[in-house]
Amino acid sequence: MTTALQGLRVLDLSDGIAGQFCGRMLADYGAEVTLVEPPGGSALRRQGPFRDADGRDSLLFFHNNTGKASVTLDVSTPSGRETLAALARAADVVIAGSGIDVATLRAANPDCVLATVSGFGTDGPYREWQGTEMVYQALAGIMRRNGEAGREPLYGCGDRASYGAGVAAYIGILAALHARVAQPRVDRDAGAEQRPRRFGRDALRDRKGKARVHGQMVAEPAVLLNDRCPLVHLAHLGVPAL
């Protein structure tokens, strides 16, 4: 059976609920998603509910990583970094979490869609902040809408802000993929005609398409130009900036 994202190759480097839930949704629609874990395993393996006594598996981890392949890499070693670069070069989409060297990934594969999922984004006045689910819900306004009128804000269980950010990342990635392959334009500087192509398996596997960001339309070029990676910056507050 043909699926919507069949043939799309995704590298999931995220370390939290938001990024891994985003990757799970891509896998649900047929993408080939590979989760990269550190030698000790993803932190979600050690978070409840229903965590194993040895901390190797949990329901939370399985919920967010169903349908993915998994590989363990020690990126602090030269061989680990080389393997990571090779995986990035083969990917159509990379989901990066906190502490990931985005510049290195971009250099390894300038044609991929690169999404960064973090607590407070990668730029702006709050980019260095650290937070918890309660902080994210408070800043996003979720807690203000909970509870009784006139009372203090009420925290909502279930990691709502994190899952909401995962959905925003998923939507942002699909929008970037659609823009990359579906919108014709003419690059006057290079004199190359940009032709639209179908959104599907062949289009996703062909990574020669011209890719720009910040509102410029993108498509497959008649000649190979100096491609750039479309960045999708996403935070727990849930507003993607393409």
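Structure: see above.
All of these numbers come straight from a predicted model, not from anything done at the bench. (Residues numbered from 1 in each chain as written. Predicted model: local features only at pLDDT ≥ 70, side-chain atom pairs only at ≥ 80, totals over all residues. Heavy atoms only, no water.)

### Notes on the packing of helix α5 (residues 133-140) against helix α6 (residues 160-182)
Piece 1. It is the contact of α5 with α6, at a shortest axis distance of 8 Å, that shows an interaxial angle of 70°. As summarised for this structure, α5 and α6 are arranged roughly perpendicular, according to the angle between their axes. Facing Glu133, Tyr136 and Gln137 of α5, the residues of α6 in contact are Arg160, Ala161 and Ser162.
Piece 2. The residue inventory of the contact of α5 with α6, partitioned by class, reads 2 nonpolar, 2 polar and 2 charged. (Axes fitted to C-alpha atoms, helices over the stretch in contact; angles between N-to-C directions. Helix = DSSP H or I, 4+ residues; strand = E, 2+ residues; numbered from the N terminus. Parallel < 35°, antiparallel > 145°, perpendicular 65-115°, else oblique. Contact = heavy atoms within 4.5 Å. Nonpolar A, V, L, I, M, F, W, Y, C, P; charged D, E, K, R; others polar.)

### A word on the nonpolar core
Piece 1. In terms of nonpolar packing, the biggest core is built from 28 residues, with Val10, Leu26, Val93, Ile95 and Ile173 touching the most fellow members.
Piece 2. Of all the secondary structure elements, the ones that give two or more residues to this core are α1 (17-28), β2 (32-37), α2 (59-65), β4 (93-96), β5 (113-118) and α6.
Piece 3. If you look at the next biggest cluster of nonpolar residues, it comprises 15 residues, including Val36, Leu73, Val94 and Val102. (Core = buried A, V, L, I, M, F, W, Y, C linked by side-chain atoms within 4.5 Å. Buried < 20%, exposed > 50% of the residue type's maximum accessible area, 1.4 Å probe, protein only.)

### A short note on the side chain of Arg45
Piece 1. By secondary structure assignment, the location of Arg45 is in the loop between β2 and α2.
Piece 2. The exposure class of Arg45 is buried, given its relative accessible area of 17%.

### Topic: the pattern of salt bridges
Piece 1. Taken as a whole, this structure holds 6 salt bridges when the rule is applied.
Piece 2. Of the charged contacts, one joins Arg24 and Asp28 as a salt bridge, the two residues approaching to 2.8 Å between their closest N and O atoms. Of this pair, Arg24 and Asp28 are both found in helix α1, 4 residues apart, which corresponds to roughly one turn of the helix.
Piece 3. Accessibility expressed as a relative area gives 44% for Asp28, which makes it partly exposed.
Piece 4. Residues Glu152 and Arg151 are paired through a salt bridge, measuring 3.2 Å at the closest nitrogen-oxygen approach.
Piece 5. Exposure remark for Glu152: the relative accessible area of 49% places this residue in the partly exposed category.
Piece 6. Each of Glu37, Arg45 and Asp57 takes part in one network of salt bridges that share partners. (Salt bridge = Lys/Arg side-chain N within 4 Å of Asp/Glu carboxyl O.)

### Quick notes on a nonpolar patch on the surface
Piece 1. Judged by side-chain polarity, Tyr126, Trp129, Val135 and Leu139 come together as a nonpolar surface patch covering roughly 380 Å² of accessible area.
Piece 2. Along the polypeptide, Trp129 turns up in the loop between β5 and α5. (Patch = residues over 30% accessible without salt bridge, like charges linked within 9 Å, V, L, I, M, F, W, Y side chains within 5 Å. Areas by Shrake-Rupley, 256 points an atom, 1.4 Å probe, with all protein chains shown as cover.)

### Examining the layout of surface pockets
Piece 1. Its boundaries defined by the atoms lining it, the largest pocket holds a volume of some 670 Å³.
Piece 2. For the largest pocket, the lining is made up of 33 residues, of which Asp15, Ser98, Val117, Ser118 and Gly119 are closest to its centre.
Piece 3. Class assignment of the residues belonging to the lining of the largest pocket gives a composition of 11 nonpolar, 17 polar and 5 charged.
Piece 4. Taken as a whole, the second largest pocket holds about 480 Å³ of empty space.
Piece 5. Lining the second largest pocket are 24 residues; nearest its centre among them are Leu13, Val75, Leu84, Gly99 and Ile100.
Piece 6. Mapped by element, the contributors of at least two residues to the lining of the second largest pocket are β2, α3 (78-89) and α4 (102-108).
Piece 7. Of the residues forming the lining of the second largest pocket, the biggest block, 4 residues, is contributed by α3. (1 Å grid on protein atoms, 1.4 Å probe; cavity = no way out; pocket = protein on both sides within 12 Å on 5 of 7 lines; lining within 4 Å. Points joined across faces, edges and corners; volume = space filled by probe spheres on them.)

### Overview of α5
Piece 1. Of all the positions in α5, only Glu133, Tyr136 and Gln137 are classed as buried. What you see down the axis of α5 is that its buried residues fit within an arc of 95°, all on one side.
Piece 2. Buried residues along α5 sit against α6.
Piece 3. Just downstream of α5 lies Gly141, where phi reads positive at about 90°. (Arc of directions from axis to C-beta.)

### A closer look at the packing of aromatic side chains
Piece 1. The tally for this structure, following the rule as stated, stands at 6 aromatic pairs.
Piece 2. Between the aromatic rings of Tyr126 and Trp129, the centroid separation amounts to 4.3 Å while the plane-to-plane angle is 40°, which identifies the pairing as tilted.
Piece 3. Tyr126 gets classed as partly exposed once you look at its relative accessible area, which sits at 42%.
Piece 4. For Trp129, a relative accessible area of 43% puts it in the partly exposed group.
Piece 5. Pairwise contacts between aromatic rings join Phe120, Tyr126, Trp129 and Tyr136 into one cluster. (Phe/Tyr/Trp six-rings, centres within 6.5 Å; stacked < 30°, edge-to-face > 60°.)

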